[in-house]
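Below, each chain spelled out in residue letters.
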Amino acid sequence: MQNSEIELPHSEIIKIAVVGPESTGKSTMSAYLADHYQTVWVPEFARGYCEKLTEQVTWQDEINMFHGQMALEKEYLPKANKILICDTTFLTVKMWCDYTFGRSPQEVLDELPKHPYDLYLLLNIDLPWQEDPLRDFPHMRGHFLNTWQKELNALDANYVLISGLGNERHNNGVAAVDKFLNAE
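Residues numbered from 1 in each chain as written. Predicted model: local features only at pLDDT ≥ 70, side-chain atom pairs only at ≥ 80, totals over all residues. Heavy atoms only, no water.

Engineer: Explanation requested: the packing of aromatic side chains in the structure shown.
Structural biologist: A ring pair, where both rings are aromatic, is described by two values, the distance of the centres and the angle of the planes. Counted according to the given criterion, the structure contains seven aromatic pairs. Ring centres of Trp59 and Phe101 lie 5.5 Å apart, and the angle between their planes is 80°; this geometry places the pair in the edge-to-face category. Of this pair, Trp59 sits in helix α3 (residues 59–76) while Phe101 sits in helix α4 (residues 91–101), and the two are 42 residues apart along the sequence. A relative accessible area of 23% means that Trp59 is categorised as partly exposed. Judged by centre distance (5.3 Å) and plane angle (65°), the ring pair of Tyr99 and Phe144 falls under edge-to-face. (Phe/Tyr/Trp six-rings, centres within 6.5 Å; stacked < 30°, edge-to-face > 60°. Helix = DSSP H or I, 4+ residues; strand = E, 2+ residues; numbered from the N terminus. Buried < 20%, exposed > 50% of the residue type's maximum accessible area, 1.4 Å probe, protein only.)

Engineer: Could you clarify how one ought to interpret the sheet that holds strand β3 (residues 83–87) in this entry?
Structural biologist: Sheets are built from strands paired through backbone hydrogen bonds, the pairs being either parallel or antiparallel. If you trace the five strands from one edge of the open sheet to the other, you get β2-β3-β1-β4-β5, paired in parallel fashion. Two strands bound the open sheet, and with one partner strand each, they are β2 (40–42) and β5 (159–162). Here the strands of the sheet are splayed against their neighbours by 25° on average, with no regard to which way each runs. Pairing of strand β4 (residues 119–123) with β5, which is carried by four bridges, proceeds in the parallel orientation. Looking at β5, one finds that Tyr120 is bridged to Tyr159. Each of β1 (14–19), β4 and β5 touches helix α6 (residues 141–154); the most contacted strand, β4, lies at about 165° to it. (Pairing = 2+ DSSP bridges. Axes fitted to C-alpha atoms, helices over the stretch in contact; angles between N-to-C directions. Contact = heavy atoms within 4.5 Å.)

Engineer: Would you mind showing me how to read the packing of α4 against α6 here?
Structural biologist: Each pair of packed helices gets described by two things: the angle between the helix axes and the distance between those axes. Two numbers describe how α4 lies on α6: the axes approach to 11 Å, and their chain directions differ by 120°. One element, α4, and the other, α6, form an angle in the oblique class. The crossing of α4 and α6 is right-handed. Between α4 and α6, the contacting residues are Leu91, Thr92, Lys94, Met95, Trp96, Asp98 and Tyr99 on the first element and His143, Phe144, Thr147, Trp148, Glu151 and Leu152 on the second. Residue classes in the contact of α4 with α6 are distributed as seven nonpolar, three polar and three charged. (Parallel < 35°, antiparallel > 145°, perpendicular 65-115°, else oblique. Left-handed = near helix turned anticlockwise from the far one by under 90°. Nonpolar A, V, L, I, M, F, W, Y, C, P; charged D, E, K, R; others polar.)

Engineer: What am I meant to see in helix α1 (residues 26–36) here?
Structural biologist: Within an α-helix, residues lying three or four positions from one another point in the same direction, as the helix has 3.6 residues per turn. The complete set of buried residues in α1 reads Lys26, Met29, Ser30, Leu33 and Ala34. Take α1 and look down its axis: the buried residues cluster within an arc of 130°, on one side only. Among the exposed residues of α1, those oriented more than 90 degrees off its buried face are Thr28 and Asp35. Considering only its buried residues, α1 is in contact with β1, β2, β3, β4, β5 and α7 (167–183). Backbone geometry just downstream of α1 places Gln38 in the positive-phi region, at approximately 55°. (Arc of directions from axis to C-beta.)

Now the structure itself:
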């Protein structure tokens, strides 16, 4: 995609969410796509937030991460060049709260239908697990992939499952975005 002189209003920025279970390459894919499409990507707020925690994540922490992810997205939106790549979304807050606490914060549930993304790239669990102090449940990747699919289906979201290793994965991500852009 070439840079253009035409400025799109923020509401016309195409929002692409890169989502999936832990250790599926979301940040790597987000950075790759942002570079490929000459735009910016919104980092995952929860990573930086959780790095500072000294105790288990609480209900209030999840709400803080919801607000933090929303604020980051709002901050990056004016910097986007036609496309905004989002390394995860606050839908992860709903999923973690459902799993950990058996329910989700009402403000997250209320915001979900009001905050759509144009395309979701759901990253498959075919990458090897990478140990990281912030990652849990390597044995539950299939469960969380199924949860992502159920949540995206419940939102009637436009999503593509992205598989492959290395450059193949990146190329599959670009192909899915290009197909979406060319259908517009």
